[in-house]
Amino acid sequence: MIADNSSNRQEVPDACPHCGNKLSPWQQVLLATDRALVCKKCWYRIILDVISESKKGGPEKSKDKEHN
Ligand SMILES: [Zn+2]
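These numbers were taken from a predicted model, which means no experiment stands behind them.

### Thoughts on the environment of tyrosine 44
Okay, step 1: Positionally, tyrosine 44 belongs in the loop between β1 (36-38) and β2 (45-47).
Okay, step 2: Using a count of 15 C-beta atoms within 10 Å as the deciding quantity, one classes tyrosine 44 as partly exposed.
Okay, step 3: In this structure, the C-alpha to C-alpha distance between tyrosine 44 and proline 17, residues 27 residues apart in sequence, is 8.6 Å.
Okay, step 4: Beyond its immediate sequence surroundings of up to four residues, tyrosine 44 is in contact with Cys16, His18, Cys19 and Cys39.

### Considerations on the nonpolar core
Okay, step 1: Grouped together as the largest cluster of nonpolar side chains are five residues: Cys16, Leu23, Leu31, Leu37 and Ile46.
Okay, step 2: Setting aside residues no more than four positions away along its own chain, leucine 23 makes contact with Pro13, Asp14, Ala15, Cys16, Gln28 and Leu31.

### What to know about the confidence of the model for the protein
Okay, step 1: Predicted confidence across the protein gives a mean pLDDT of 77, with 57% of residues reaching 70 or more.
Okay, step 2: Ranking the elements of the protein by mean pLDDT puts helix α1 (residues 3-6) last, at 52, and β1 first, at 95.

### Description of unusual backbone geometry
Okay, step 1: In this structure, arginine 35 takes a positive phi of about 60° despite not being glycine.
Okay, step 2: Looking at where arginine 35 falls in the secondary structure, it is placed in the loop between α2 (25-34) and β1.
Okay, step 3: With 16 C-beta atoms packed within 10 Å, arginine 35 lands in the partly exposed category.
Okay, step 4: Positive phi, normally seen in glycine, also occurs at tryptophan 43, with a value near 60°.

What counts, and at which threshold
Residues numbered from 1 in each chain as written. Predicted model: local features only at pLDDT ≥ 70, side-chain atom pairs only at ≥ 80, totals over all residues. Helix = DSSP H or I, 4+ residues; strand = E, 2+ residues; numbered from the N terminus. Buried ≥ 20, exposed ≤ 12 C-beta atoms within 10 Å, placed from the backbone. Contact = placed C-beta atoms within 7 Å. Core = buried A, V, L, I, M, F, W, Y, C linked by C-beta atoms within 7 Å. pLDDT = per-residue confidence, 0-100.

Here you go:
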């Protein structure tokens, strides 16, 4: 019965999607917190925002990037 809180959590990959380098638990924490993490192996920037974007389905992908 811990699913209540876990729904708020985003899916944090346990490995780099680019090179498959395994992320340490601490790196996953950083990734979940900052929603971004640079892989130490291939320097690929893992961004969680892109993944969670489809979850929202909203047209606005940026918070305060819009300009007139
Ligand atoms: Zn990598």
